[in-house]
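Topology and contacts: notes
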Amino acid sequence: MPAQITNLNLNGINKDISPYELGENLWSDGNNVQFDNDKTAKVKGHQQVFGTPSVAPYWLLPFNTITTDYWIYPSLTKLYRVSTSGTTTTHTDITRASGGDYSATAADRWNGGILGGVAIVNNGVDVPQMLGSTASNFSALSNWLSSTTTKVIRPFKRFLVALDSTESGTRYPFRVRWSHPAEGGTVPTTWDASDDTKDAGYVDLSQSNGFVVDCLPLGDSNIIYKEDSVWAMTFEGGQSIFGFRQLFNDAGILGKDCVKSFDNQHFVVSEDDVFTHDGQSKKSIVDGQIRDELFNSIHPDYKTRTFVAADREKNEMWICFVSNSATDAFADKAYVWNWRNNTWSIRDLPSVSYISWGVVDTVSTTDWTESGDWDTDNDSWDSPLKPSLLLADANNTKLFVLGSNQFNGTSFRSWAEKTDMNLSHPGIKSVTKIVPRVSGTGSVDFYIGTEMQPHQGVTWKGPYTFTPGTHSEIPVRATGTYIGIRVETTDDKAWALENLEVHWTPQGIRGQGV
């Protein structure tokens, strides 16, 4: 056979299928890379914003008024907010004026939302709290039921919905409570289900053993997630107010904040699956891709601390979790699904307690004097009011945004590899050169791997340092039955790989008998 050229346009990581059986368009492993516009690229790193928080931030809630974009961040005992005006960043204590410190726990994450311009927060132990746009401090939610706490409280339309409540010392883990609807800028006037003149009520979804865990609107319905099933809560009026219909009885949710919305659908992490649904039908998006690797990587002691963050600029859903190799009880790893191109990637996290999406009004420190291509530069270009992810690091008392080529000033390893390719030829082959089409602001290292027999172990040669704009190809001499490619950087430069040609010649078919 004459010399051959195999063109690799790799897009996504698949760790569930054996590399020997994997298609030529998928990487078999990698970390700190992302996939978009048919490119494999280094991820954005994180950089600190808002100075040093006054308390360790365990959760985040964007709260925007007419004049100011705030971020509310609670510790386990206090509530603070931060804002920026010009070059001044202000952290303000907005803990309740009466009632003392809060009694939140790291295991039960704060939750809540914005109802008609009023911030509602809850920790499952204390009475739910409220903060209006002109209030100086949080206070107990007005008209809340006496002697009652709730695991979760969320806004839905003009209502507040409380899940898994404890009332007068008795826990009701299947209970879904809703308030009377509130007028704009106010909170509900009552939660009393016995008042026939109001629309407050409750229902116990006890048809299955799973507790109610969280909820999120989808269209005109509020989707209620139990541990083992999914329900739709839809306004009907009349005596019942809301109707409840089971959507799925074969899947639930892993924990609080394990669901996010996108494109009129929900993205959900369950006990053993990741699926999307539109309120009618659902489909797994990890089968045959990354299911086994994902769930085997989650630390069993901290699996309910898993949460989902949505990077809406990149069309990405981040499954953030405490890995088996974590050094503390905070999320250090994210498996990332791009819903536009249906690809999975993996990235490191700085031991985050929570990640949220909203306007980060802060002073940009990036100048416009850098070299390289704009499409590979990971720095933010002076857009302080652009919505973005905000990362909370409770362990180190820091807040981060993405927009750097480093992890808070430290360079990191970004790499992807594809091993055990037979290049559509069952015999031995010799690789003579690789031709990467790569752009970036620095050099990129490539490695070539070979293996003679399956599961023998890959032998790597390299690094071969490739500089975009200077080099056009990499001459190599490597022979094996199976071929591997790895791309890697460990510096503070950005890069993006569009395409990779492998030039090789067949050397015949040779096996090894028993």
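Residues numbered from 1 in each chain as written. Predicted model: local features only at pLDDT ≥ 70, side-chain atom pairs only at ≥ 80, totals over all residues. Heavy atoms only, no water.

**Regarding the confidence of the model for the protein**
- Confidence in the prediction for the protein averages 93 pLDDT; 94% of positions are at 70 or higher.
- For the stretch residues 364-383, pLDDT sits under 50, and the model shows 38 contacts to residues farther than four places along the chain or on other chains. (pLDDT = per-residue confidence, 0-100. Contact = heavy atoms within 4.5 Å.)

**Focus on the nonpolar core**
- By size, the foremost hydrophobic cluster in this structure holds 42 residues, and its most contacted members are Ile-72, Phe-138, Trp-318, Cys-320, Ile-355 and Leu-390.
- One finds Val-268, Ile-285, Phe-321 and Tyr-335 within the second-largest nonpolar core, a separate group that totals 35 residues. (Core = buried A, V, L, I, M, F, W, Y, C linked by side-chain atoms within 4.5 Å. Buried < 20%, exposed > 50% of the residue type's maximum accessible area, 1.4 Å probe, protein only.)

**Here's the deal with the pairing of strand β10 (residues 111-115)**
- Counting buried positions along β10 gives four out of five residues, so the element sits mostly inside the fold.
- Where β10 meets strand β11 (residues 118-122), five bridges bridge the pair, whose relative direction is antiparallel. Across the sheet, residue Ile-114 finds its bridge partner in β11, namely Ala-119.
- Two successive antiparallel strands, β10 and β11, enclose a turn made up of two residues, where Gly-116 displays a positive phi of approximately 55°. (Helix = DSSP H or I, 4+ residues; strand = E, 2+ residues; numbered from the N terminus. Pairing = 2+ DSSP bridges.)

**Things to note about the packing of aromatic side chains**
- Counting across every chain of the model gives 20 aromatic pairs.
- Ring centres 5.9 Å apart and planes at 40° place the aromatic pair Trp-178 and Phe-244 in the tilted group. Note that Trp-178 is positioned in strand β16 (residues 170-178) and Phe-244 in strand β21 (residues 241-248), a separation of 66 residues in sequence.
- According to the relative accessible area criterion, Trp-178 is buried, its value standing at 3%.
- Look at Phe-244 and you get partly exposed, because its relative accessible area is 22%.
- Joined through ring pairs, the aromatic side chains of Phe-156, Phe-159, Trp-178, Phe-235, Phe-242 and Phe-244 make up one cluster.
- When the ring centre of Phe-412 is taken as origin, the NZ or CZ atom of Lys-42, which lies over that ring, is 4.6 Å away. (Phe/Tyr/Trp six-rings, centres within 6.5 Å; stacked < 30°, edge-to-face > 60°. Lys NZ or Arg CZ within 6 Å of the ring centre and 35° of its normal.)

**What to know about the sheet that holds strand β28 (residues 331-338)**
- A sheet is described by the order of its strands in space; here four strands give the open sequence β26-β27-β28-β29, paired in antiparallel fashion. Each edge of the sheet is formed by a strand with only one pairing partner; in this case those strands are β26 (307-311) and β29 (343-352). Neighbouring strand axes in the sheet, compared pairwise and without regard to direction, differ in orientation by 25° on average.
- Sheet topology places strand β27 (residues 316-321) next to β28; six bridges connect them, and they run antiparallel. Bridged to Ile-319 within β28 is Tyr-335. (Axes fitted to C-alpha atoms, helices over the stretch in contact; angles between N-to-C directions.)

**Some words on the pattern of salt bridges**
- Scanning all chains against the criterion turns up 26 salt bridges.
- Close ionic contact of Asp-257 with Arg-109 constitutes a salt bridge, the shortest N to O distance being 3.1 Å. One end of the pair, Asp-257, is in the loop between β21 and β22 (259-262); the other, Arg-109, is in the loop between β9 (88-93) and β10, with 148 residues separating them in the sequence.
- Overall, Asp-257 belongs to the buried group, its relative accessible area being 3%.
- Between Arg-171 and Asp-164 there is a salt bridge, and its shortest N-O distance comes to 2.6 Å.
- Because the salt bridges share partners, they merge into one network encompassing Arg-109, Arg-154, Asp-214 and Asp-257. (Salt bridge = Lys/Arg side-chain N within 4 Å of Asp/Glu carboxyl O.)

**As for the side chain of Glu-167**
- Tracing the backbone through its elements, the reader meets Glu-167 in strand β15 (residues 159-167).
- The class for Glu-167 is buried, based on a relative accessible area of 13%.
- Separated by 2.7 Å, the side chains of Glu-167 and Ser-165 make a polar contact.
- If we ignore the near neighbours within four places in the chain, the residues touching Glu-167 are Ser-147, Thr-148, Tyr-172, Arg-175 and Arg-177. (Polar contact = N/O pair within 3.5 Å; in protein donor to acceptor, adjacent residues only side chain to side chain.)

**Examining the sheet that holds β9**
- Taken in spatial order, the four strands of this open sheet run β6-β7-β8-β9, and their pairing is antiparallel. Two strands bound the open sheet, and with one partner strand each, they are β6 (61-64) and β9. In this sheet, neighbouring strand axes are inclined to one another by 25° on average, regardless of whether the strands run parallel or antiparallel.

**Quick word on the environment of Gly-237**
- Counting through the fold element by element, Gly-237 comes out in strand β20 (residues 230-237).
- Judged by relative accessible area, Gly-237 falls into the buried class, the value being 16%.
- Residues Gly-237 and Phe-262 lie 25 residues apart in sequence; the distance between their C-alpha atoms is 28 Å.

**Quick look at the environment of Tyr-20**
- Within the secondary structure, Tyr-20 is located in the loop between β1 (4-8) and β2 (29-31).
- In this structure Tyr-20 comes out as buried when scored by relative accessible area, which is 18%.
- Sequence-wise, Tyr-20 and Met-421 are 401 residues apart; in three dimensions their C-alpha atoms are separated by 6.3 Å.
- What Tyr-20 contacts, discounting residues up to four positions off in sequence, is Asp-420, Glu-451, Gln-453, Pro-454, His-455 and Tyr-482.
- Looking at Tyr-20, its side chain comes within polar contact range of the side chain of Glu-451, at 2.8 Å.
- At a separation of 2.5 Å, a polar atom in the side chain of Tyr-20 contacts the main-chain amide nitrogen of His-455.

**Quick notes on the pairing of strand β38 (residues 482-489)**
- Of all the eight residues making up β38, eight are buried; the element is thus mostly covered by neighbouring parts of the structure.
- Of the two faces of β38, the one holding Tyr-482, Gly-484, Arg-486 and Glu-488 and the one holding Ile-483, Ile-485, Val-487 and Thr-489 are both buried throughout.
- Sheet topology note: the strand β35 (residues 444-451)/β38 ladder contains seven bridges and is antiparallel. Counted as the bridge partner of Glu-451 is Tyr-482 from β38.

**Points about empty space enclosed by the protein**
- One pass over the full model with this rule turns up three cavities of 30 Å³ or more.
- Taken as a whole, the largest cavity holds about 130 Å³ of empty space.
- Lining the largest cavity we find 15 residues, and of these Ala-106, Arg-109, Arg-305, Phe-330 and Ser-353 sit closest to its centre.
- Looking at the lining of the largest cavity residue by residue, the class counts come to ten nonpolar, two polar and three charged. (1 Å grid on protein atoms, 1.4 Å probe; cavity = no way out; pocket = protein on both sides within 12 Å on 5 of 7 lines; lining within 4 Å. Points joined across faces, edges and corners; volume = space filled by probe spheres on them. Nonpolar A, V, L, I, M, F, W, Y, C, P; charged D, E, K, R; others polar.)

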